[in-house]
Amino acid sequence: MDKSKRAILKNYLKRYAVITAGCVLYAVGVVVFLQAGGLAGGGVTGIALIVNEVSGFSTGITAFILNVPLLLWGWKVFGRDFFLSTLYVIALSSALMWLAESIFFEWVPGSTGEELLPLTNDWLINAVTGGAIYGLGMGLIFRCGSSSGGTDIPIKILRKKFRHISTGIITMVTDIVIVACSVFAYRENTLEVLFFTVLSLVVYTVVFDWVLYGGNSAKMVFVISEEEPANRISARVLKELDAGATFVDGKGAYSGNLKKVLLCVVKPVVYPRLRDIVREEDREAFMIVSSAKEIYGEGYISPDSDEL
């Protein structure tokens, strides 16, 4: 096997390892905290939880059945690779949820006749922990260009049309509509279920967006200085920070003096060192710092990547 094929295989295996981890977290968040804690949820998973609450039918099996027609729609819109990876997510996460239900709700450890769940009856712990784990799992799945099927597919389609709205926000709005329908299923503690379910959705959205977009964020820095110190700053940035930089010629509007404008983008963890370099080389330098949410290019997002 040549080097290029090994690299492709390595990236393929790495991608599916991350997707698998996301599926495990997804199943744990839903079954161990949301379902066991008596909370509703959003998306197809939320509908499956409602069905479970009303009929006792398996959440995992219901989610799989509901996902099939939506998955076929996703195949038509996004293509074969999306179909295969999403089919893997749906099959694995549904199987893991069914397995978790079988183990934690039906298995009798030591023949004591006691169920292992819920781990806690605290609404707040179940809502926050379940939402966070669920959001982390889904974020990992989406970062790999896949989804868990269900409403994720129409959400991805909406994201292509309304590009100024984040995936997490579209998901939250969709989920709130589904959660509102849970009023008819959760007849006991209805207000508590609604309140803490919405809380879990907010936590889910925050964690999901952080995982999906947080790793792509960086600091965008403009350093305005005289030519000589600007050259020294640039040399140290390239050598010590292993970061790229671009020079732009500038001219002071008031003084009329020629200036060098150094533009560079660095990860947040590296930014303090960049600030020290500028301070050490030119204490008179003018520095403008802003946050860059998405950066396309070497070391960041590939220009060919799908928009998340």
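1. Considering empty space enclosed by the protein
- As enumerated under the stated definition, the model contains two cavities of 30 Å³ or more in all.
- Taken as a whole, the second largest cavity holds about 30 Å³ of empty space.
- Lining the second largest cavity are Leu-34, Ala-40, Gly-41, Gly-42, Gly-130, Gly-131, Tyr-134, Ser-200, Leu-201 and Tyr-204.
- At the level of elements, helix H5 (123-143) and helix H8 (190-213) are the ones that each hand at least two residues to the lining of the second largest cavity.

2. Some points on the side chain of Ser-234
- Considering the arrangement of structural elements, one finds Ser-234 in helix H9 (residues 227-241).
- Non-local contacts of Ser-234, meaning those with residues more than four positions away in its chain, are made with Phe-247 and Leu-262.

3. Section: unusual backbone geometry
- Phi at Asp-242 takes a positive value of approximately 55 degrees, unusual for a residue other than glycine.
- Relative to the helices and strands, Asp-242 is located in the loop between H9 and strand S2 (246-251).
- Accessibility expressed as a relative area gives 70% for Asp-242, which makes it exposed.

4. A closer look at the packing of aromatic side chains
- For the structure shown, the criterion picks out eight aromatic pairs.
- Taking 5.2 Å as the distance between ring centres and 80 degrees as the angle between the ring planes, the aromatic pair formed by Phe-142 and Phe-208 counts as edge-to-face. Note that Phe-142 is positioned in helix H5 and Phe-208 in helix H8, a separation of 66 residues in sequence. No difference in accessibility class separates Phe-142 from Phe-208, as the two residues are buried.
- Judged by centre distance (5.5 Å) and plane angle (20 degrees), the ring pair of Tyr-204 and Phe-208 falls under stacked.

5. As for the confidence of the model for the chain
- Here the chain averages 81 in pLDDT, and 87% of its residues register 70 or above.
- Note that pLDDT drops below 50 for residues 107-113; the model gives that stretch seven contacts with residues more than four away or on any other chain.

6. Observations concerning the pairing of strand S1 (residues 218-225)
- Across seven bridges, S1 lies against strand S4 (residues 286-292) in antiparallel orientation. Counterpart to Ile-224 in the pairing with S4 is Phe-286.
- With seven bridges joining them, S1 and strand S3 (residues 258-266) adopt antiparallel strand pairing. Looking at S3, one finds that Ser-225 is bridged to Lys-260.

7. Looking at the state of the cysteines
- On inspection of all chains with the given rule, the structure shows zero disulfides.
- In this structure Cys-144 is a free cysteine whose sulfur lies 9.8 Å from that of Cys-23, the closest cysteine sulfur available.

8. Focus: the nonpolar core
- Grouped together as the largest cluster of nonpolar side chains are 32 residues, with contacts concentrated most on Val-30, Met-97, Tyr-134, Met-138 and Tyr-186.
- Elements with a contribution of two residues or more to this core: helix H1 (3-35), helix H2 (43-55), helix H4 (80-106), H5 and H8.
- With eight residues, H1 is the single largest residue contributor to this core.

9. Quick look at the packing of H2 against helix H3 (residues 59-78)
- Here H2 crosses H3 at 135 degrees, and the two axes come no closer than 8 Å. Classified by the interaxial angle, the pair formed by H2 and H3 is oblique. In terms of crossing hand, the pair formed by H2 and H3 is right-handed. Only Thr-59, Thr-62, Ala-63, Leu-66, Asn-67 and Leu-70 of H3 make contact with H2, whose side of the interface consists of Val-44, Ile-47, Ala-48, Leu-49, Val-51 and Asn-52.
- Of the residues belonging to the contact of H2 with H3, the class tally is eight nonpolar, four polar and no charged.

10. Digging into the side chain of Arg-15
- Relative to the helices and strands, Arg-15 is located in helix H1.
- A relative accessible area of 17% means that Arg-15 is categorised as buried.
- Of the polar contacts made by the side chain of Arg-15, one reaches the side chain of Ser-85; its length is 3.5 Å.
- What Arg-15 contacts, discounting residues up to four positions off in sequence, is Asp-81, Ser-85, Cys-144, Gly-145 and Ser-146.

11. Considerations on the sheet that holds S2
- As summarised here, the arrangement of the four strands in space is S2-S3-S1-S4, forming an open sheet in which the pairing is antiparallel. Strands with a single pairing partner mark the edges of an open sheet, and in this sheet they are S2 and S4. Mean inter-strand twist for the sheet, computed between neighbouring axes without regard to direction, equals 20 degrees.
- Bridge analysis of S2 against S3 gives six bridges, and the strand direction is antiparallel.

12. A short note on the pattern of salt bridges
- One pass over the full model with this rule turns up ten salt bridges.
- Between Glu-228 and Arg-232 there is a salt bridge, and its shortest N-O distance comes to 3.4 Å. Separated by four residues within a single helix, Glu-228 and Arg-232 lie in helix H9, roughly one turn from each other.
- On the basis of relative accessibility, which here comes to 57%, the residue Glu-228 falls in the exposed class.
- Take Arg-232: its relative accessible area is 34%, and that puts it in the partly exposed class.
- Its salt-bridge partner being Lys-260, residue Asp-249 comes within 3.2 Å of it at the nearest N-O pair. Here Lys-260 lies in strand S3 and Asp-249 lies in strand S2, a separation of eleven residues in the sequence.

Reading the values: the criteria
Residues numbered from 1 in each chain as written. Predicted model: local features only at pLDDT ≥ 70, side-chain atom pairs only at ≥ 80, totals over all residues. Heavy atoms only, no water. 1 Å grid on protein atoms, 1.4 Å probe; cavity = no way out; pocket = protein on both sides within 12 Å on 5 of 7 lines; lining within 4 Å. Points joined across faces, edges and corners; volume = space filled by probe spheres on them. Helix = DSSP H or I, 4+ residues; strand = E, 2+ residues; numbered from the N terminus. Contact = heavy atoms within 4.5 Å. Buried < 20%, exposed > 50% of the residue type's maximum accessible area, 1.4 Å probe, protein only. Phe/Tyr/Trp six-rings, centres within 6.5 Å; stacked < 30°, edge-to-face > 60°. pLDDT = per-residue confidence, 0-100. Pairing = 2+ DSSP bridges. Disulfide = S-S within 2.5 Å. Core = buried A, V, L, I, M, F, W, Y, C linked by side-chain atoms within 4.5 Å. Axes fitted to C-alpha atoms, helices over the stretch in contact; angles between N-to-C directions. Parallel < 35°, antiparallel > 145°, perpendicular 65-115°, else oblique. Left-handed = near helix turned anticlockwise from the far one by under 90°. Nonpolar A, V, L, I, M, F, W, Y, C, P; charged D, E, K, R; others polar. Polar contact = N/O pair within 3.5 Å; in protein donor to acceptor, adjacent residues only side chain to side chain. Salt bridge = Lys/Arg side-chain N within 4 Å of Asp/Glu carboxyl O.

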